[in-house]
Amino acid sequence: PPPPAQPAAGGMTDNVAGALCYLAGLITGVLFLALAPYNQSKFVRFHAFQSIFFNVAWVGIWIVQMILSAVLHAILPFGVGILFAMLGLVIWLGGFLVWLFLMYKAYSNEKFMLPIIGALAEKQA
């Protein structure tokens, strides 16, 4: 297991700060990038950037799905449009589960990298 985390000068350990980066997505990600001493930790910076990128991607995918759902609902038969609209629930649930998983991994003091987003976050951290 990883060594126990030491509290930063602000009193919060890096694993707690990393998990909190995901709490409100874009907002807490930017907040932890701005707050010292957390913005000095490579671990916290990675999770802050990954939180920001994940949140933007999740919202972007959701918006595209909503637009496609509205368009397809207007041009396709009723049942097909409703099935595509149900895809929005699957997207929301999938994003929610990934969000919880990322918070858990950060709290466990692990650096879990999402496929594309993780590499971008690693470069920024």
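Quick note: structure is the one above.
**Q** Explain the overall build of the protein chain here, please?
**A** Scanning the protein chain for helices and strands turns up 5 helices and 0 strands. Over its C-alpha atoms the protein chain spans a radius of gyration of 18 Å, topping by over 25% the 14 Å that the globule rule assigns to 125 residues. When each of the 125 residues of the protein chain is scored for burial, the buried share is 33%. If you take every contact in the protein chain between residues at least 6 apart in sequence, the share linking residues at least 24 apart comes to 64%. Here the protein chain has roughly 7400 Å² of accessible surface; of this, 78% comes from carbon and sulfur atoms.

**Q** What is the right way to look at helix H4 (residues 78-107) in this model?
**A** Because the α-helix completes a turn every 3.6 residues, residues three or four places apart line up on one side. Across its 30 residues, H4 extends 45 Å between first and last C-alpha, which sits within 8% of the 44 Å expected from 1.5 Å per residue. On the buried face of H4, the contacting elements are helix H1 (14-20) and helix H3 (42-75). Asn109 sits one or two residues past H4 and shows a positive phi near 65 degrees.

**Q** What am I meant to see in a nonpolar patch on the surface here?
**A** A cluster of nonpolar side chains, Val59, Trp62, Ile63, Met66, Ile67, Val71, Ile75, Leu76 and Val80, forms an exposed patch at the surface whose accessible area comes to about 790 Å². With 7 residues, the single largest contributor to the nonpolar patch is H3. Structurally, Val71 can be placed in helix H3.

**Q** Please clarify how the environment of Tyr107 should be interpreted in this entry.
**A** Position of Tyr107 among the secondary structure elements: in helix H4. Separated by 91 residues in the primary sequence, Tyr107 and Val16 place their C-alpha atoms 5.5 Å from one another. Those residues within four positions of Tyr107 in sequence are excluded, and the remaining contacts are Asn15, Val16 and Ala19.

Rules used throughout
- Residues numbered from 1 in each chain as written.
- Predicted model: local features only at pLDDT ≥ 70, side-chain atom pairs only at ≥ 80, totals over all residues.
- Heavy atoms only, no water.
- Helix = DSSP H or I, 4+ residues; strand = E, 2+ residues; numbered from the N terminus.
- Rg over C-alpha atoms; globule rule 2.2 N^0.38 Å.
- Buried < 20%, exposed > 50% of the residue type's maximum accessible area, 1.4 Å probe, protein only.
- Contact = heavy atoms within 4.5 Å.
- Areas by Shrake-Rupley, 256 points an atom, 1.4 Å probe, with all protein chains shown as cover.
- Expected span 1.5 Å × (residues − 1).
- Patch = residues over 30% accessible without salt bridge, like charges linked within 9 Å, V, L, I, M, F, W, Y side chains within 5 Å.
- Salt bridge = Lys/Arg side-chain N within 4 Å of Asp/Glu carboxyl O.

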